[in-house]
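For reference, the chains in residue letters:
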Amino acid sequence: MGRARNCRARIGPTGPGLFRVMMGTTCNVPHAGRTPLQTIVALIRSVATYVVLGLYVLVVGPIAMLLALVSRSSEFLFIPGRIGVAAALALVGIRCRLAGGDHVPAGGVIFCSNHESNVDGPVLFLALHPRLRALYKAEFDKVPILSHAMRLARFVPINRSNRQLAAQSIERAASLTREGFSFLIFAEGTRSPTGELLPFKKGGFIMALLAQAPIVPLAITGTRDAMRKGSALIHAATASVRIGRPVETRGMTIDDRDRLVMEVRARIQALLAEGPVD
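Residues numbered from 1 in each chain as written. Predicted model: local features only at pLDDT ≥ 70, side-chain atom pairs only at ≥ 80, totals over all residues. Heavy atoms only, no water.

A. Structural context of helix α2 (residues 36–71). For α2, which comprises 36 residues, the first-to-last C-alpha distance of 50 Å matches the rise-based estimate of 52 Å (1.5 Å per residue) to within 8%. Taken as a whole, α2 has its buried residues at T39, A42, S46, T49, L53, V57, G61, A64, M65 and A68. Count one or two residues on from α2 and you reach R72, which has phi positive near 60°. (Helix = DSSP H or I, 4+ residues; strand = E, 2+ residues; numbered from the N terminus. Expected span 1.5 Å × (residues − 1). Buried < 20%, exposed > 50% of the residue type's maximum accessible area, 1.4 Å probe, protein only.)

Next up, the structure:
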C-alpha cells in the first residue's frame, strides 16, 4: 500500500457530485453527536460556500468556456474548475487523506468507487487525477453554464431511463478511454444511506471491457458524516480514500462482465474493511 498523503496535493475539476451539492434545498436535523454551535457553524459555512461557488461559476464559467472554444483546449475548463472545487472544500472544511496513489497505472483507466455522499465527487476529483472525466446524469444538462462546460471538457451524459441512449453514452466513454482519458464511476449508481455497499450497476464495467482498460478500485469513507443524503448542510470532516491495485480487463469480453463486477466489488469491500487512512 502506498504512503498516505493529503489529497490537497492534487486538484481536480468540478464533477456531478458538486452539482448535486449546489442543487440541495433541504437541511436535515443535526447529526448525532453534533452540538448546536457546530451545526450553526456548518450552516454558515455551507451557505457561504453555495453563494461564493455560485458567483464563481456565473463569472468565471462563461469566460472559461469562451477561451476553451477559441483555443480548443480543455485546460481553460479544468484549471478554473480545480480552483473552484478546492475553494469550496476549503470553505466547508473538508480535508482528505489518500493511500495507494502509486497503484494507478499510466494511460486511460476507469476509477470505480463506492458512493457515500454528494461530497464524494469533488473529493475524488481532487485526489485522483488532474484531468478526470465522469459519466453524469443527463438531467444535469438542464443546468446552465455547468452543463456546457462539462460537455466541452468531454464529460459524458447518460440517460439511464433510455437503454439505447445509455448504451451510446457508454460506447462514447469507452472510445474516450481508449484515447487515454480516465473516468470515474460510482458502481452503485446512487449514494448508500447506511455505508453498506449497494448492488453494482454494470454499465461502467461494460465501458471498461469495451475500452479494454483497467479498473482501479477505490474506497472513500468519512464523507457520509460530512453530508447526509437529503441534506444540503455540509459539516467539516476528513475523508479517507484508499486506492487498490488495478483489475486488468485486457482479453476479457462482455461475457466476463459478471465475473469482473464480483472481482471489483470484493476489492472495494476489502479496502473499506481497512478503515480510514491514518
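B. Just the environment of A239, in detail. Along the chain, A239 falls in strand β8 (residues 237–243). In the structure, A239 is positioned 15 residues away from R224 in sequence and 9.0 Å away in space, judged by C-alpha atoms.

C. The environment of L197, seen in detail. Structurally, L197 can be placed in the loop between β6 (183–186) and α7 (203–211). Separated by ten residues in the primary sequence, L197 and A187 place their C-alpha atoms 9.5 Å from one another. Those residues within four positions of L197 in sequence are excluded, and the remaining contacts are N114, E188, R265, I268, Q269 and L272. (Contact = heavy atoms within 4.5 Å.)

D. Representation of the environment of R267 in the model. Within the secondary structure, R267 is located in helix α9 (residues 257–273). Separated by 21 residues in sequence, R267 and P246 have C-alpha atoms that sit 9.6 Å apart. Sequence-distant contacts of R267, defined by excluding residues within four places in its chain, comprise P217, R245, P246 and V247. A polar contact is formed between the side chain of R267 and the side chain of E263, at a distance of 2.6 Å. (Polar contact = N/O pair within 3.5 Å; in protein donor to acceptor, adjacent residues only side chain to side chain.)

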